[in-house]
Amino acid sequence: MAAKDQGLGSEATPADAGALGDAPRIRAILTAAAREGRSVSYSELLGDLGFRFTRPKMRAVCKALAEVDRLTALDGEPDLAVLLVRESDRLPGQGWWVGGTALLLGYHGPWEGAAAARFIREQQQVVFDYWQGR
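Residues numbered from 1 in each chain as written. Predicted model: local features only at pLDDT ≥ 70, side-chain atom pairs only at ≥ 80, totals over all residues. Heavy atoms only, no water.

Caption draft 1: Expanded view of the layout of surface pockets. Its boundaries defined by the atoms lining it, the largest pocket holds a volume of some 530 Å³. Along the walls of the largest pocket sit 24 residues, with Y42, C62, G93, G95 and W96 positioned nearest its centre. Of all the secondary structure elements, the ones that give two or more residues to the lining of the largest pocket are helix 2 (42-48), helix 3 (55-74), strand 4 (84-85) and helix 4 (94-98). Element by element, the count of residues in the lining of the largest pocket is highest for helix 3, at 7 residues. Tallied by class, residues from the lining of the largest pocket come to 10 nonpolar, 8 polar and 6 charged. (1 Å grid on protein atoms, 1.4 Å probe; cavity = no way out; pocket = protein on both sides within 12 Å on 5 of 7 lines; lining within 4 Å. Points joined across faces, edges and corners; volume = space filled by probe spheres on them. Helix = DSSP H or I, 4+ residues; strand = E, 2+ residues; numbered from the N terminus. Nonpolar A, V, L, I, M, F, W, Y, C, P; charged D, E, K, R; others polar.)

Set out below in structure tokens:
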């Protein structure tokens, strides 16, 4: 029997815990957002997967992001993890920064503030440009 999770509405809905690690499904959600030229908050992604936001669920999804970006790299596509952001400041969480992607892209600045926001907008624009019209 599937677990029940409270979504954004008032009714409990069946939630598939496997969705939290479903890299192809997460990739599809982020790819659709990239085509629309927008980032996705952690809460929004969890909602699309059938869950309300909790930190443990967010961490489970973040583990799947490494597989998402491995799959995109195999297909010659830009990383999608940069599109997954906090609602508060629209920046990726700490895991993205300490995972090494920023350093690989030549960024050595702070993880918050104007410089970080500028860097993230530039990286997100690369993703948006790639997916526009595809």
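Caption draft 2: Inspection of the packing of aromatic side chains at higher detail. Within this structure, the stated rule accounts for 6 aromatic pairs. Measuring from centroid to centroid gives 4.9 Å for W96 and W97, while their planes differ by 90°, and the two rings are edge-to-face. Considered together, W96 and W97 belong to a single accessibility category, that of buried residues. Note on W96 and F119: the rings are 6.3 Å apart at their centroids and 50° apart in plane angle, and the pair reads as tilted. With W96 in helix 4 and F119 in helix 6 (residues 114-131), this residue pair connects regions lying 23 residues apart in the sequence. Judged on exposure class, the residue W96 and its partner F119 are both buried. Here a set of aromatic residues connected by ring pairs shows up, and it is made of W96, W97, Y107 and F119. (Phe/Tyr/Trp six-rings, centres within 6.5 Å; stacked < 30°, edge-to-face > 60°. Buried < 20%, exposed > 50% of the residue type's maximum accessible area, 1.4 Å probe, protein only.)

Caption draft 3: Molecular detail of the pattern of salt bridges. One pass over the full model with this rule turns up 7 salt bridges. Residue R38 pairs with E36 through a salt bridge whose shortest N-O separation is 2.5 Å. A relative accessible area of 52% places E36 in the exposed class. Among the salt bridges present, the one from E112 reaches R86, with a minimum N-O distance of 3.8 Å. One end of the pair, E112, is in the loop between helix 5 (101-104) and helix 6; the other, R86, is in the loop between strand 4 and helix 4, with 26 residues separating them in the sequence. Members of the salt-bridge network, linked through shared partners, are R27, D75 and E77. (Salt bridge = Lys/Arg side-chain N within 4 Å of Asp/Glu carboxyl O.)

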